[in-house]
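Breakdown of the fold
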Amino acid sequence: MSIPVMLSLGQTALELGLICSLTVLALFLSYTMLNVCDLSTDGCFTLGAAVGAIVAISGHPFLSILAAMGAGICSGFITALLQTRMGIDSLLSGIIVNTALYSVNIAVMGGSSLLNMNKTETVFTVVKSALENTPLKSYYILIVAVLAVALVIAFLVFFLNTRLGLAIRATGNNPDMVKSSSINPIFTTTVGLCVSNAFTGLSGCLLAQSQKSVDINIGQGMVTIALASLLIGGTVLGKGSILVRAIGVVLGSFIFRLVYTIALRFHMPAFMLKLVSSVIVILAISVPYLKKQWPMIKRRFLYRGKEER
Amino acid sequence: MLKISNISKTFNPGTANEKQAITGLTLHLKPGDFATIIGSNGAGKSTLFNAICGDFLTDGGRIELDGRDITFVPQHVRARIIGRLYQDPMRGSAPGMTIEENLALAAGSGGWLSHMTRKDKKKFQEQLSRLGIGLEDRMTQPVGLLSGGQRQALTLLMATMVPPKILLLDEHTAALDPATAEKVLQITKEIVDEHKITTLMVTHNMQNALDMGNRTLMMDDGRIVYDVEGAERASLTVEDLMEKFRVGAGKKLDNDRILLSN
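Please read these numbers as outputs of a predicted model, since none were measured by experiment. (Residues numbered from 1 in each chain as written. Chains lettered and ligands numbered in written order. Predicted model: local features only at pLDDT ≥ 70, side-chain atom pairs only at ≥ 80, totals over all residues. Heavy atoms only, no water.)

What to know about the domain arrangement of chain B
All names here are of chain B.
- Splitting chain B by domain gives domain 1 (2–81 + 164–261) and domain 2 (98–161).
- Summarising the inter-unit geometry, the C-alpha centres of domain 1 and domain 2 are found 27 Å apart.
- Contact with domain 1, which involves 15 residues of that partner, is made by 11 residues of domain 2.
- Here domain 1 and domain 2 share an interface that buries about 970 Å² over both sides, 72% of which is from carbon and sulfur atoms.
- Considering only the surface of domain 1 that becomes buried against domain 2, K183, I187 and I191 emerge as the three largest contributors, covering 37% of it.
- Applying the counting rule to domain 1 against domain 2 returns one salt bridge.
- Taking the shortest distance from any N to any O, the salt bridge between E194 and R130 comes out at 3.0 Å. (Domains from an automatic or database assignment. Contact = heavy atoms within 4.5 Å. Buried area = accessible area lost by both parts, 1.4 Å probe. Salt bridge = Lys/Arg side-chain N within 4 Å of Asp/Glu carboxyl O.)

Here it is in C-alpha cells:
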C-alpha cells in the first residue's frame, strides 16, 4: 500500500470516525452515564439525517443542523416518556420508538426512501467554498467534523459537571440512592435522553450531508457500531475525568473505523461491517465476564478430570 | 416537628399474604427530639420510615412535618427536608462518582446548571475533616474505593449537609464492625447535636437505644407499645427495657439481632 493511499484511507476513517463519534458520545451519556441502553438510536440517527436533509434542501444549511438536533430531542423525549411515565420497559420503549421512526423518517423524506443532496448547499459546501484557495481545501469534511466533536465534548464536560449533570450521573450510578434523595429520576432520565438524542440527530445530519445523500437505512446498526466504539474507547481511556473519557470515546470511534477501513482494503466485503461490529460488542462485554468466570470453569474442568481417573 | 396521626398500612390486602404492617400509629416528635426505636422482627420500624419518606401512600391517617401536611407529597419532594440512612452503606452514595461530586450533589446549592466552586470544595474539605477519618485528602477519589464505615460516614454527612427537618437512621451501623460502628455513632451524635436535628434511629443494640438521644420508642405489631423519656428513661437498664416490652407487647422480644447482641 502506498503512502498517499494510506493517508487518504486514514483521512476517510478519521472523517467517518469523528462524525459517528457524535453518536458514540450520545451513548456515552445515555449508556455509560445514565445506564439506559437507548435502542432508538438507529431511528434517531436516520431522523437527524432526514430532517437535516429536508431543511438543507429547502435552502437553510445552518438551520438544518439545529433542526436535526431538535428532531433528536423530540425523539429522545418520547423514548423517555414511554419508560418513565407509561411503565414501558426501557429497552422496549427504545425498540418501539425505533420502529415508529421508520415511518416518520419516510414521511419526513416526502414518501421516498432516498434523498439526493448533490446540488444542495450544506455546512460542508459552505466550508468548502470558504476554503477554496487555501491548502486546507481537501480537509473541509474533517474541519467541520472536528469542530462539531470539539463543541459536543466541550458541552458534555460542562454539562456533566453541573448539578444537573451530577444528578444524571447519580441516576445511572446508584438508582437506590436517587430514589431516596431529592433528585427526580423521571426528570434526570428525560433530560439525559433528550440531550443524548440531540447528538445522535446531529451525527446523522452531518453524515448525510457529508456523503450528500440520505437513505432510509443510513442509521441501521448504528447503535451496535456506536456501542462497539464506546467499548473500544473504554478500554483505551476508560478512567479519569469526563474530558479524558470523552476523548477516549472519540478515539474508540476512530480506531473502529480505521480497523474497518483496513479490513476493507484486505477485501473484506463492505456488508460485513455490521457482523464485525456485533462481534466487537460481544467480545467487549463478554470477555471481562468470562475472565471472572475462568477460575471456576478451570477448576470444574480439572475436578472432573480427577474424578474420572 | 413530626406529627404522625393514626396512620395504617396493609400490604397485599385481600390476599393470603395480607400483612398489617402499621396499625393506627400515632407519634409526635418535638423539635430537637432524638428518639431511638427498638422492636422485634417485622414490628413495622422500616415501614414507618418508608411511610414518612413516601415510599408508599398510607391507607389512612396523616403525616405532618414542620407544620406542613406531607401525606400526599411525592417522595423526591419530601426528600428535600428528610435525611435517611439505610443499613446498607452502599445505598447512600454513588460509587462511580468522586467524594466531592457526591457532596456537591447533596449540598444542592445553586441552580441546575451551577458548578462546584473552589469555595464549595473548601467547605466540603472542612466538613470532611471534622469526620476525622481522613476523607478530606481523598476528595477526588471515587466513592467506590471507600470502606463500608467510611461510606456510611460520608452518607451521614451528605444527608445532613443541608440540615433536614428530620433524620431517619435505619440501623445505619448494623452492617459495620463494632469499632467502626462506634465511630459512626459518635459522628452521628456530634452532627445531630450540632444542628439540633430531630432524629429517629432504629437500633438493635438496647444499650445504644438507652444511651443515645432523649427518648426511646418500642414498636411491636405495627404499633408503638412503649414510649419513654426524661427521668424514667434515665433510670432504665437493658433488663428493664426487655421487661417493659414483655408487658407492652404481651410477649417476649423476638428480634434475633437484639438477642444476639445483648
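Next comes the rest of the description.
Examining the pairing of strand β6 (residues 82–85) of chain B
Residue and element names in this part refer to chain B.
- Both faces of β6 are covered, namely the face carrying I82 and R84 and the face carrying G83 and L85.
- Of the strand pairs in this sheet, β6 and strand β7 (residues 166–170) are connected by four bridges, and their pairing is parallel. Bridge assignment links L85 to a residue of β7, and that residue is L169. (Buried < 20%, exposed > 50% of the residue type's maximum accessible area, 1.4 Å probe, protein only. Helix = DSSP H or I, 4+ residues; strand = E, 2+ residues; numbered from the N terminus. Pairing = 2+ DSSP bridges.)

Remarks on the packing of aromatic side chains
- Evaluation of the coordinates by the stated rule reveals four aromatic pairs over all chains.
- With centroids separated by 5.4 Å and ring planes inclined at 45 degrees, the aromatic side chains of F187 of chain A and W112 of chain B adopt a geometry described as tilted. Separated into two different chains, F187 of chain A in helix α9 (residues 185–210) and W112 of chain B in the loop between α3 (99–107) and α4 (118–131) make up a pair that spans both.
- Residue classification places W112 of chain B among the partly exposed residues on the basis of a relative accessible area of 34%.
- Taking 5.5 Å as the distance between ring centres and 85 degrees as the angle between the ring planes, the aromatic pair formed by F11 of chain B and F56 of chain B counts as edge-to-face. Taken together, the residues F11 of chain B in strand β1 (residues 2–11) and F56 of chain B in the loop between α1 (45–53) and β4 (60–65) connect sequence positions 45 residues apart.
- Three or more aromatic residues link up through ring pairs in this structure, and these residues are F155, F159 and F199 of chain A.
- The ring of W112 of chain B carries the charged tip of R163 of chain A above its face, separated from the ring centre by 4.8 Å. (Phe/Tyr/Trp six-rings, centres within 6.5 Å; stacked < 30°, edge-to-face > 60°. Lys NZ or Arg CZ within 6 Å of the ring centre and 35° of its normal.)

A closer look at helix α2 (residues 41–57) of chain A
Residues and elements named next belong to chain A.
- Compared with the 24 Å implied by 1.5 Å per residue over 17 residues, the 24 Å span of α2 between its first and last C-alpha is a close match.
- Buried residues dominate α2, accounting for 15 of its 17 residues.
- In the segment just after α2, G59 is the residue with positive phi, at about 100 degrees. (Expected span 1.5 Å × (residues − 1).)

What to know about the interface of chain A and chain B
- The interface of chain A with chain B comprises 20 residues on the first partner and 27 residues on the second.
- The contact between chain A and chain B buries some 2,200 Å² in all, and 61% of this surface belongs to carbon and sulfur atoms.
- It is R163, L166 and M177 of chain A that lose the most area in chain A upon contact with chain B, and together they represent 30% of the buried surface on that side.
- Remark: the boundary between chain A and chain B carries one salt bridge.
- Across the pair E101 of chain B and R169 of chain A runs a salt bridge whose closest N-O atoms are separated by 2.9 Å.
- The interface formed by chain A and chain B holds 12 residue pairs in polar contact (both at pLDDT 80 or more) in total.
- Secondary-structure elements contributing two or more residues to the side of chain A that touches chain B are α7 (163–173) and α8 (175–179) of chain A.
- Here the residues of the side of chain A that touches chain B sort into eight nonpolar, eight polar and four charged. (Polar contact = N/O pair within 3.5 Å; in protein donor to acceptor, adjacent residues only side chain to side chain. Nonpolar A, V, L, I, M, F, W, Y, C, P; charged D, E, K, R; others polar.)

Observations regarding the pattern of salt bridges
Residues and elements named next belong to chain B.
- Going through the model one piece at a time under the given rule, you end up with 13 salt bridges over all chains.
- Across the pair E100 and K121 runs a salt bridge, and its minimum N-O distance is 3.9 Å. Taken together, the residues E100 in helix α3 and K121 in helix α4 connect sequence positions 21 residues apart.
- The class of E100 is buried, set by a relative accessible area of 10%.
- By relative accessible area, which is 33% here, K121 ends up partly exposed.
- A salt bridge links E126 to R130, with the nearest nitrogen and oxygen atoms 3.6 Å apart. With E126 and R130 both in helix α4 and four residues apart, this pair spans about one turn of that helix.
- Owing to a relative accessible area of 41%, E126 belongs among the partly exposed residues under this scheme.
- Salt bridges linked by common partners bring K30, D33, R215, D227 and E229 together as one network.

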